[in-house]
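If you want the building blocks of each chain, they are given just below.
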Amino acid sequence: MALLWSLALPFVYFELVQSNMALGRYASLCCRSFLREETCPNAAFTALLQPAWSGWRLGAKRHLLSEDVVKLQDFQRRKMAVAHLITGTDGNFIEMFGHKLQRKSLLLRDELKLLLHLCQSAEDMKTARDAIYRYHAENRNVAHGEFKFGPVFVRLCYELRLEQMAAAAVTDHEMRGFFNEATSFNIAMDMLFMKGCHQDALEVLRSMRSQSVPFNKDTLMLASAVCYKLNTSESFTICTSLMEEGVVKGHFVPRLAYCFAAALALRQNDVKKAQMLFSQVMITESRLCQNMKVLLLAASGEIEDAVDLLSSAARLAKSPSFVRKPEFSQEVLEQILLLSEGGAQEARARETLSRLERTGQVTPRTLDDMLCHAPASKRRAAPIVEARWPNRRSLKPLHSTLLSE
Ligand SMILES: *[C@@H]1O[C@H](CO)[C@@H](O)[C@H](O)[C@H]1NC(C)=O
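Keep in mind that this is a model prediction, so the values were computed, not measured. (Residues numbered from 1 in each chain as written. Predicted model: local features only at pLDDT ≥ 70, side-chain atom pairs only at ≥ 80, totals over all residues. Heavy atoms only, no water.)

Engineer: Explain the overall build of the protein chain to me, using residue names and the numbers behind them.
Structural biologist: Along the protein chain, the regular secondary structure elements total 21 helices and two strands. Counting the 405 residues in the protein chain, one finds 52% classified as buried. When contacts within the protein chain are restricted to residue pairs at least 6 apart in sequence, long-range pairs at least 24 apart make up 78% of them. Surface exposure of the protein chain reaches about 19400 Å², of which carbon and sulfur atoms provide 56%. (Helix = DSSP H or I, 4+ residues; strand = E, 2+ residues; numbered from the N terminus. Buried < 20%, exposed > 50% of the residue type's maximum accessible area, 1.4 Å probe, protein only. Contact = heavy atoms within 4.5 Å. Areas by Shrake-Rupley, 256 points an atom, 1.4 Å probe, with all protein chains shown as cover.)

If you want it as structure tokens, here you go:
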């Protein structure tokens, strides 16, 4: 068995390196595969009881952080390299580590590092979790040095779809100081957002604040996305005060954060606030912003201006093909029609809408779809494996994937 293992891995590794190019496109589609909205288990570790991958590929769901931030592919590459190095070692490292934990012997930094790069299942992650708790308890007062374990642990949870485990760890009092940078919290929030666990994501944000971990631009974007999804008067208050705080403190607040906040204000029927928030967006050329603009105009009773904007967009259809034609959401356009009903603009609105339809500028995507859409990675699609790290069992499907690309 050990022999098989050591033979198979270098092979997989070699195959992967060779097939980097072919896989890039495939990987960017599937690595961050979307998940199904599910009810959120309250018990922190119930996720552990289920197979990590059940149901994940089904249905569409959105994530908000780009691969530049999550860096799952880099992480998986490192894991493979580590696995490559360790082949040939006798016995199961994770199992041995579990025994070590039971014996209460001292945990070394490099051992923990190794462990975190070898986990492949929810079962392994129980050992990893126990190990980081132990390590933190033993080293609470010692600087952890250059290496940050927090993001590694959370990326592992991300890879194995254990969002509740990530959330429980980053919010745990006992672990204060272990996750001391925004990335761990942000990735945990993104995972919870994907699963539709918005309340849990808000708890992560609260905990981040109470642990005095500074927010960064991704935190603000995730926070306003979560508040928008929650759509309560409380989440509205949190969202607007975060945006205001950002301005006051001179932090960079991303455009998407303002768009979420403005959309939330519209949902909460506070048109003035929505306008104020949207006015903070400097560049409004994107499809999302154009749709927001039309909707905001209409919501503030300026139907004529809304229709003007739409009809100038329809005129763009005649321009050369390299000019990108604005597209509008069917949902937004229906809203405009509704608001113009019985008024002076009704006929013009109808006419403009059918023109947009004829020029192919109407999309079935809703405003929500446009909002909850991760930005494309700025880097070229990096090569990597199927979202799950290959092992002997997955060798075959992986291999056929390579061939089919
Ligand atoms: C958002 O909340 C408001 C006020 O509670 C409610 O009227 C509205 O229908 C909600 N919108 C969505 C999309 O849930």
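Engineer: So what's going on with the environment of His173? Residues and values would help.
Structural biologist: Mapped onto the secondary structure, His173 falls in the loop between α9 (163-171) and α10 (182-194). As for His173 and Ser207, which are separated by 34 residues in sequence, their C-alpha atoms are 9.1 Å apart.

Engineer: Outline the confidence of the model for the protein chain, listing residues and values.
Structural biologist: Model confidence for the protein chain is summarised by a mean pLDDT of 79, while 75% of its residues fall at 70 or above. Here residues 379-405 scores under 50 on pLDDT; set against residues more than four positions off or in separate chains, the count is 73 contacts. (pLDDT = per-residue confidence, 0-100.)

Engineer: Could you give an account of unusual backbone geometry, with specific residues and numbers?
Structural biologist: Trans peptide bonds make up most of the peptide bonds, and negative phi angles are found at most residues other than glycine. Notably, Ser212 is not glycine yet its phi reads approximately 55°, a positive angle. Relative to the helices and strands, Ser212 resides in the loop between α11 (198-210) and α12 (217-230). Within the chain, Asn269 stands out as a residue other than glycine whose phi angle is a positive 65°. Positionally, Asn269 belongs in the loop between α14 (255-267) and α15 (271-278).

Engineer: Go over the pattern of salt bridges with me, naming the residues and quoting the values.
Structural biologist: Per the stated rule, a full pass over the model turns up 17 salt bridges. Note that Asp218 is salt-bridged to Lys217, the shortest N-O span being 3.8 Å. Since its relative accessible area comes to 13%, Asp218 is described here as buried. Overall, Lys217 belongs to the partly exposed group, its relative accessible area being 41%. Across the pair Arg348 and Asp308 runs a salt bridge, and its minimum N-O distance is 2.5 Å. Taken together, the positions of Arg348 in helix α19 (residues 346-358) and Asp308 in helix α17 (residues 303-315) put the pair 40 residues apart, joining distant regions of the chain. (Salt bridge = Lys/Arg side-chain N within 4 Å of Asp/Glu carboxyl O.)

Engineer: A description of the environment of Val247 should follow, citing residues and the corresponding values.
Structural biologist: With respect to the element layout, Val247 can be found in helix α13 (residues 233-248). Take Val247: its relative accessible area is 47%, and that puts it in the partly exposed class. Sequence-wise, Val247 and Gln280 are 33 residues apart; in three dimensions their C-alpha atoms are separated by 9.5 Å. Setting aside residues no more than four positions away along its own chain, Val247 makes contact with Tyr258 and Gln280.

Engineer: Which residues make up helix α18 (residues 330-340), and what are the values?
Structural biologist: Those residues of α18 lying buried are Val332, Leu333, Ile336, Leu337 and Ser340. Along the axis of α18, the buried positions cluster into a sector of 145°, meaning they face one direction only. Where α18 starts, the residue carrying a side-chain oxygen 3.1 Å from the main-chain nitrogen of Glu331 turns out to be Ser329. One or two positions beyond α18, positive phi appears at Gly342, with a value near 80°. (Arc of directions from axis to C-beta. Polar contact = N/O pair within 3.5 Å; in protein donor to acceptor, adjacent residues only side chain to side chain.)

Engineer: Could you give an account of the packing of α12 against α14, with specific residues and numbers?
Structural biologist: Running from N to C, α12 and α14 point in directions that differ by 20°, and their axes come no closer than 8 Å. When the interaxial angle is binned, α12 and α14 end up roughly parallel. As for how α12 packs across α14, the hand of that crossing is left-handed. When α12 is examined against α14, the residues Leu220, Met221, Ser224, Ala225, Cys227, Tyr228 and Lys229 are found in contact with a partner set consisting of Leu256, Ala257, Phe260, Ala261, Ala263, Leu264 and Arg267. Classifying every residue of the contact of α12 with α14 gives 11 nonpolar, one polar and two charged. (Axes fitted to C-alpha atoms, helices over the stretch in contact; angles between N-to-C directions. Parallel < 35°, antiparallel > 145°, perpendicular 65-115°, else oblique. Left-handed = near helix turned anticlockwise from the far one by under 90°. Nonpolar A, V, L, I, M, F, W, Y, C, P; charged D, E, K, R; others polar.)

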